[in-house]
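Listed here are the chains, written in short residue letters.
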Amino acid sequence: DLHYPLRRQRQMCIRDSLGILYLSVNLSKQALPLLRTALEAHPEFEHFWVSYFHGLCYNRQFSEGRAILAAGKENGLSSDTVARLEEILFNALEEM
């Protein structure tokens with residue numbers, strides 16, 4: 001099927017969006033698997049890294065967030081995005 005890659009990409013965008021929606025209504029545990037699946041399927045999409053990172057921080061899984069940030073750096077996250085996520089992580093840790 002020639003449309004399979006496009007359909008798969010769309011499915012991952014839907015998973016990411018649903019994960020973000022779950023985060024917004026405090027269903028963060030349900031959000032993480034969706035966000036992770038989207039990221040694993042398309043690591044070239046920077047917003048999937050950001051969404052998963054936010055989900056981890058929302059769940060106070062800061063060491064996992066730090067690991068995802070490091071992996072994102074290795075996978076080409078932009079320096080602006082890395083700086084923004086590092087600031088979020090630093091502020092979250094300061095509040096503890």
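Described in the following lines is the structure provided in the data block.

The rules behind each value
- Residues numbered from 1 in each chain as written.
- Predicted model: local features only at pLDDT ≥ 70, side-chain atom pairs only at ≥ 80, totals over all residues.
- Heavy atoms only, no water.
- Helix = DSSP H or I, 4+ residues; strand = E, 2+ residues; numbered from the N terminus.
- Expected span 1.5 Å × (residues − 1).
- Buried < 20%, exposed > 50% of the residue type's maximum accessible area, 1.4 Å probe, protein only.
- Arc of directions from axis to C-beta.
- Contact = heavy atoms within 4.5 Å.
- Core = buried A, V, L, I, M, F, W, Y, C linked by side-chain atoms within 4.5 Å.
- Salt bridge = Lys/Arg side-chain N within 4 Å of Asp/Glu carboxyl O.

## Regarding helix H4 (residues 62–74)
Working step 1: Taking 1.5 Å of rise per residue, the 13 residues of H4 would be expected to cover 18 Å, and the 18 Å separating its terminal C-alpha atoms lies within 8% of that figure.
Working step 2: Three or more residues of H4 are buried, namely Phe 62, Gly 65, Ile 68, Leu 69 and Gly 72. When H4 is viewed along its axis, its buried side chains cluster within an angular range of 115 degrees and face the same direction.
Working step 3: As for H4, its buried residues are in contact with helix H2 (28–41), helix H3 (46–58) and helix H5 (79–95).
Working step 4: Two residues or fewer after H4 comes Gly 76, characterised by a positive phi angle close to 95 degrees.

## Brief notes about the nonpolar core
Working step 1: Grouped together as the largest cluster of nonpolar side chains are 23 residues, with contacts concentrated most on Leu 39, Phe 48, Tyr 52, Phe 53, Ile 68 and Leu 85.
Working step 2: Put simply, the parts of the chain that give this core at least two residues each are helix H1 (4–24), H2, H3, H4 and H5.
Working step 3: Ranked by residues supplied to this core, first place goes to H3 with seven residues.
Working step 4: In this view, Leu 39 contacts Phe 48, Trp 49, Tyr 52 and Ile 68; residues no more than four positions away in its chain are not counted.

## Topic: the pattern of salt bridges
Working step 1: With the rule as written, the count across this model stands at two salt bridges.
Working step 2: Salt-bridge contacts for Arg 36 lead to Glu 40; the nearest nitrogen and oxygen are separated by 2.7 Å. With a gap of four residues between them, Arg 36 and Glu 40 both fall in helix H2, about one helical turn apart.
Working step 3: Given a relative accessible area of 39%, Arg 36 falls into the partly exposed group.
Working step 4: The closest approach of N and O atoms between Glu 86 and Lys 73, which form a salt bridge, is 2.8 Å. Highlighted residues: Glu 86 in helix H5 and Lys 73 in helix H4, separated in sequence by 13 residues.
Working step 5: Taking the relative accessible area as the measure of exposure, Lys 73 reaches 43% and is therefore partly exposed.

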